[in-house]
Amino acid sequence: MLTNLKIAAPFLPEVRATRRGFLIGTAAIAGGFAVGFRPALAAGEAAAAEAMNPFDAYLTITPDDRVTIVSSQFDMGQGSYHGLATLVVEELGARWDQIEVVGGAGDVKKYGNLAWGGAAQGSGGSTSIASSWDRYRTAGAAARAMLVAAAAQAWNVPAGEITVADGAVSHPGAGTARFGELAEAAAKQPVPADVALKAPEDWTVIGDETVRRYDSRSKTNGTHAFTIDLKLPGLLTAVMIHPPRFGARVKSFDGAAAKAVRGVVDVVATPRGVAVVAEHMWAALKGRDAVEVEWDEAGAETRGSGEIFAEYRRIAAEAPAAIARREGDAAAAFGTAVKVIDAEYEFPYLAHAALEPLNAVARIGEDGTVEVWGGHQMPDVYQFVAAQVAGTTPDKVRLHVMKTGGGFGRRAVADADVIVEAVAVSKALGGRPVRVQWTREDDMKGGRYRPAYVHRLKAGLDAEGRIVAWEHHIVGQSIMKGTPFEQAVQNGVDPTSVEGASNLPYRLPNQTVGLTTTDVGVPILWWRSVGSTHTAYAVETFIDELAAAAGADPLAYRLAMLADAPRHAAVLRLAAEKAGWGTPPPEGRVRGIALAESFSTYVAQVVEASVTDGNVRVERAVCAVDCGVAVNPDNVRAQMEGGIGFGLGAILAEELTLTDGRVDQENYDGYTPLRIEAMPKVEVHIVPSTERPTGVGEPGVPPIGPAVANAIRAATGRPVRVLPIAKALSA
């Protein structure tokens with residue numbers, strides 16, 4: 001369904017939006033007011049003067065003193081709602097107990113991701129705070145200015161004598177008024193042309209170490225509502241039957257026996273399979289067991305993992321099909337090297353394995369309006385796809401943004417998988433509301449994985465052990481192909497395949513980074529920290545091998561090549577210092593170090609691990625991160641900790657395999673994310689910075705794998721070039 005969808009937006013360019021790039025707009029709403037923005041348009045364009053729609057403003061203040069922030073970014077547990085709320089609370093002067101954050105969708109002019117050029121709404125690439133830094137602070141500051149103006153007018157006092165704090169506007173002689181009491185009058189005030197933002201020295205919540213997530217209570221007491229909790233009159237439940245091999249299609253099916261199951265309403269075809277619809281989940285599952293499906297596998301992928309990797313290894317030994325980076329003359333430089341070292345790495349398919357399997361609710365009204373409830377990470381895509389399935393136009397699709405129990409890349413473009421099914425089933429049932437709920441097994445075997453890759457690296461060293469030549473060939477599928485961002489593939493290079501390899505900070509005078517994109521029928525997608533999940537591992541473990549060949553300390557060896565990358569060098573030094581690098585580790589432990597930049601955030605990690613009888617246990621992980629201004633330091637630490645656990649589980653034991661084109665793993669018994677007892681002690685150190693904030697949801701993942709592998713090599717002398725580590729150590 002997505003192959004025909006194109007959005008004319010560059011993929012993750014660096015866009016520095018400023019407050020002057022927006023026009024502030026307000027609207028009165030039932031005694032309160034709303035504040036939001038449109039991108040500034042050319043002079044004379046009437047659209048620039050349109051009144052704000054209160055349902056898609058950035059924030060609203062109502063007479064009951066509630067401040068509702070409408071988030072342009074999707075929260076999958078990474079804390080983006082809290083981050084955006086922090087920006088507003090800082091400038092508005094609100095109390096945390098009056099704040100509510102809801103997801104916004106439906107107007108790309110207001111909610112477009114500025115880190116993507118603003119032409120599409122979506123959350124990804126750790127861009128939530130970077131995209132929101134200016135506009136949400138400005139929204140809060142504009143609302144504050146208008147509340148002050150309303151109070152100054154009502155009290156007949158100078159605005160400069162009024163203060164705003166804790167959800168109230170105060171004057172030493174005139175008294176105090178709550179936001180809600182002033183909201184209606186504030187909506188009538190002139191919109192500030194260029195509102196002033198607080199200076200960093202005046203911040204009270206941005207950067208505050210003590211501020212905790214405003215939504216923690218609801219997530220711990222069970223009141224946090226997810227899509228599975230949604231209740232609607234007449235809501236039905238549908239479960240899916242997907243093809244056992246990717247690319248297969250329904251040839252025929254017999255749902256008669258399923259319809260005989262009490263509670264089953266219908267059995268209908270969907271674009272990818274068959275849906276069993278029932279009054280509740282148990283009946284749907286029982287009915288599914290009774291459906292007979294005949295599959296057309298003429299176009300299905302039938303290869304197993306072994307066959308795919310054999311093909312990848314053959315390709316990796318050849319010249320790359322495309323060049324992502326070329327500096328100097330690596331081929332000639334190898335002729336001057338006194339030592340040449342090469343290595344080959346294998347990275348398996350990985351599932352996202354989020355706690356919440358995919359789900360969505362759809363309902364089609366008599367007027368043709370399509371409503372969809374779910375985890376809407378990329379609303380523009382979902383509106384288009386839902387409209388396409390329903391046979392209508394995107395403006396007829398209304399999205400309700402629900403909370404989500406994890407995404408890690410799975411709920412990006414591919415959340416449309418379940419939305420397509422929900423809309424298709426509702427349409428087949430005359431518009432009735434239906435929740436399509438995937439099971440864990442559906443989610444694990446249903447496709448959209450981190451691609452498998454093979455890397456081949458080769459380096460030449462001079463007599464002093466310095467790198468004089470570097471070649472890197474990456475082989476794997478293109479994530480961008482078939483997505484709305486396919487136009488990012490230029491000259492045969494998918495940037496998500498080579499990021500972390502084509503932008504190395506190390507001073508390498510002669511280097512070539514090449515890519516060969518493969519054609520495999522296994523559906524793939526972004527996975528937390530995307531290309532750097534494999535490129536950082538290959539690069540950083542290879543660098544360690546080169547340091548050993550040069551007889552150099554791994555830290556010193558890296559720092560000698562980072563003269564042009566001060567922020568990289570700073571996090572590397574900080575992590576090493578806090579970990580005690582250069583001093584003996586505790587008895588029975590070894591250390592490993594690694595560095596990675598992803599999404600403009602710099603992270604270095606040092607691990608202490610014990611390796612006994614072929615088993616590795618990571619005891620301690622020390623992390624240094626430079627993400628610019630740390631808006632929520634507690635959340636930065638939480639995301640680094642979560643990224644370390646996520647990445648550690650992947651490199652230690654996670655592997656998704658295929659036999660004859662069928663996925664072997666079905667649940668957490670066969671596919672094993674990190675267990676709690678294997679989580680190491682984690683220390684996170686944040687580099688103080690005045691730079692614009694960058695992301696933290698993903699950058700904690702890439703360094704942990706190579707840091708652990710480097711510790712293992714230090715202990716055993718064996719490089720780990722085939723993942724997962726458990727598989728490599730048992731070989």
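Residues numbered from 1 in each chain as written. Predicted model: local features only at pLDDT ≥ 70, side-chain atom pairs only at ≥ 80, totals over all residues. Heavy atoms only, no water.

Chemist: Give a detailed account of the nonpolar core, specifying residues and quantitative values.
Modeler: Membership of the largest hydrophobic core comes to 153 residues, with the highest contact counts inside it found for Tyr-349, Val-423, Trp-470, Val-708 and Ile-725. Among the nonpolar cores identified, the runner-up in size contains 45 residues, and Val-70, Leu-84, Leu-92 and Tyr-136 belong to it. (Core = buried A, V, L, I, M, F, W, Y, C linked by side-chain atoms within 4.5 Å. Buried < 20%, exposed > 50% of the residue type's maximum accessible area, 1.4 Å probe, protein only.)

Chemist: With reference to specific residues and values, describe the side chain of Thr-541.
Modeler: Structurally, Thr-541 is set in helix H14 (residues 532-550). Residue classification places Thr-541 among the buried positions, given a relative accessible area of 5%. Engagement of the side chain of Thr-541 in a polar contact is seen with the side chain of Tyr-345, the distance being 3.0 Å. Every residue in contact with Thr-541, bar those within four places of it in the chain, is listed here: Tyr-345, Ala-536, Pro-706, Ala-709 and Asn-710. (Helix = DSSP H or I, 4+ residues; strand = E, 2+ residues; numbered from the N terminus. Polar contact = N/O pair within 3.5 Å; in protein donor to acceptor, adjacent residues only side chain to side chain. Contact = heavy atoms within 4.5 Å.)

Chemist: Any details on the packing of aromatic side chains? Residues and values, ideally.
Modeler: In total, this model carries 14 aromatic pairs according to the counting rule given. Taking 6.5 Å as the distance between ring centres and 20 degrees as the angle between the ring planes, the aromatic pair formed by Trp-96 and Tyr-214 counts as stacked. Here Tyr-214 lies in the loop between helix H4 (179-187) and helix H5 (216-221) and Trp-96 lies in the loop between helix H1 (80-92) and strand S5 (99-103), a separation of 118 residues in the sequence. Considering the side-chain rings of Trp-133 and Trp-203, the 5.8 Å spacing of their centres and the 85 degrees angle between planes classify their relative orientation as edge-to-face. Taken as a pair, Trp-133 in helix H3 (residues 128-155) and Trp-203 in the loop between H4 and H5 lie far apart in primary sequence, 70 residues in all. Comparing Trp-133 with Trp-203 shows no difference in burial state: the two are buried. Of the aromatic side chains, those joined through ring pairs into one cluster are Tyr-58, Tyr-111 and Tyr-136. (Phe/Tyr/Trp six-rings, centres within 6.5 Å; stacked < 30°, edge-to-face > 60°.)

Chemist: For the environment of Gln-605, give the residues involved together with the corresponding values.
Modeler: Following the sequence through the fold, Gln-605 ends up in strand S24 (residues 601-612). Classification of Gln-605 as buried rests on a relative accessible area of 0%. Excluding anything up to four places from it in sequence, Gln-605 contacts Ala-575, Gly-592, Ile-593, Ala-594, Val-622, Cys-623, Ile-644, Gly-700, Pro-703, Ile-704 and Ala-707. Here Ile-704 takes part through its backbone nitrogen, which lies 3.0 Å from a polar atom of the side chain of Gln-605.

Chemist: Can you lay out the pairing of strand S16 (residues 359-364) for me, pointing to particular residues and giving the numbers?
Modeler: Within S16, 5 of the 6 residues are buried, which leaves it mostly tucked inside the rest of the structure. Pairing analysis gives 4 bridges linking S16 to strand S19 (residues 434-437), with the strands arranged antiparallel. Within the sheet, the bridge partner assigned to Ala-362 lies in S19 and is Val-434. Bridge analysis of S16 against strand S17 (residues 370-374) gives 5 bridges, and the strand direction is antiparallel. In the strand pairing of S17, Val-361 is matched with Trp-373. Taken together, S16 and the strand that follows it, S17, pair antiparallel across an intervening segment of 5 residues, in which Gly-368 is found at a positive phi of about 90 degrees. (Pairing = 2+ DSSP bridges.)

Chemist: Now, about the pairing of strand S20 (residues 453-461): what can you tell me, with residues and values included?
Modeler: Within S20, 7 of the 9 residues are buried, which leaves it mostly tucked inside the rest of the structure. Judged from the 9 bridges that link them, strand S15 (residues 339-347) and S20 form a sheet pairing that is antiparallel. Of the residues in S20, the one forming a bridge with Val-340 is Gly-460. Between S20 and strand S21 (residues 467-476), which pair antiparallel and follow one another directly, the connecting turn spans 5 residues, one of which, Gly-465, has a positive phi of 85 degrees.

Chemist: Could you give an account of the sheet that holds strand S22 (residues 511-517), naming the residues involved and the relevant values?
Modeler: Pairing between sheet strands relies on hydrogen bonds along the backbone, with the strands arranged either parallel or antiparallel. If you trace the 5 strands from one edge of the open sheet to the other, you get S14-S22-S21-S20-S15, paired in mixed fashion. On the outer flanks of this sheet lie strand S14 (322-327) and S15, each paired with one strand and no other. Put simply, the sheet's adjacent strands are angled 10 degrees from each other on average, direction ignored. Together, S15, S20, S21 and S22 form the strand contacts of helix H8 (residues 305-316), whose direction differs from that of S20 by roughly 30 degrees. Set on the sheet, H14 makes contact with S15, S20 and S21; between it and S15 the angle comes to about 150 degrees. (Axes fitted to C-alpha atoms, helices over the stretch in contact; angles between N-to-C directions.)

Chemist: Explain helix H10 (residues 379-390) to me, and be specific about the residues and the numbers.
Modeler: Relative to the 16 Å expected for 12 residues at 1.5 Å per residue, H10 spans 16 Å between its end C-alpha atoms, a close match to the ideal helical length. H10 sits mainly inside the fold: 10 of its 12 residues count as buried. Here H10 has its buried residues at Pro-379, Asp-380, Val-381, Tyr-382, Gln-383, Val-385, Ala-386, Ala-387, Val-389 and Ala-390. Buried residues belonging to H10 abut helix H2 (108-111), S16, S17, strand S18 (397-401) and helix H11 (416-428). At the C-terminal side of H10, Gly-391 shows a positive phi close to 75 degrees. (Expected span 1.5 Å × (residues − 1).)

Chemist: Break down the confidence of the model for the chain for me, with residues and values.
Modeler: Keep in mind that low pLDDT regions are not for reading the predicted coordinates in detail. Counting all residues, the mean pLDDT for the chain is 91, and 92% of those residues have values of 70 or more. Below pLDDT 50 for its whole length, residues 1-23 participates in 74 contacts with residues either more than four positions away or in separate chains. Taken as a whole, residues 38-56 scores under 50 in pLDDT and shows 34 contacts with residues more than four places along the chain or in a different chain. (pLDDT = per-residue confidence, 0-100.)

Chemist: I'd like a rundown of the state of the cysteines, residues and numbers included.
Modeler: Counted by the stated rule, this structure contains 0 disulfides. Summary of cysteine pairing: Cys-623 is not part of a disulfide, and the nearest cysteine sulfur, belonging to Cys-627, is at 9.9 Å. Assessed through its relative accessible area of 0%, Cys-623 is described here as buried. Classification of Cys-627 as buried rests on a relative accessible area of 1%. (Disulfide = S-S within 2.5 Å.)

Chemist: So what about the pattern of salt bridges? Which residues, and what values?
Modeler: In the structure shown here, the tally under the stated rule is 41 salt bridges. Across the pair Arg-178 and Asp-65 runs a salt bridge whose closest N-O atoms are separated by 3.6 Å. Note that Arg-178 is positioned in strand S8 (residues 175-178) and Asp-65 in the loop between strand S3 (59-61) and strand S4 (67-71), a separation of 113 residues in sequence. For Arg-178, a relative accessible area of 36% gives the class partly exposed. The salt bridge involving Arg-363 is made with Glu-371; its shortest N-O contact spans 2.9 Å. The exposure class assigned to Arg-363 is partly exposed, which follows from its relative accessible area of 25%. Ionic contacts of the salt-bridge type, sharing partners, join the residues Asp-65, Arg-95, Asp-97, Arg-178 and Glu-181 into one network. (Salt bridge = Lys/Arg side-chain N within 4 Å of Asp/Glu carboxyl O.)

Chemist: Explain the sheet that holds strand S11 (residues 264-269) to me, using residue names and the numbers behind them.
Modeler: Reading across the sheet, the 7 strands line up as S11-S12-S9-S19-S16-S17-S18 and stay open at both edges, with mixed pairing between neighbours. The sheet is open, and its two borders are formed by S11 and S18, each paired with just one other strand. Going from strand to strand, the sheet's axes swing by 25 degrees on average, the running direction of each strand aside. Where strand S9 (residues 236-241) and strand S12 (residues 274-278) come together, 5 bridges link them in antiparallel fashion. Its bridge partner lying in S12, Met-240 is registered against Ala-275.

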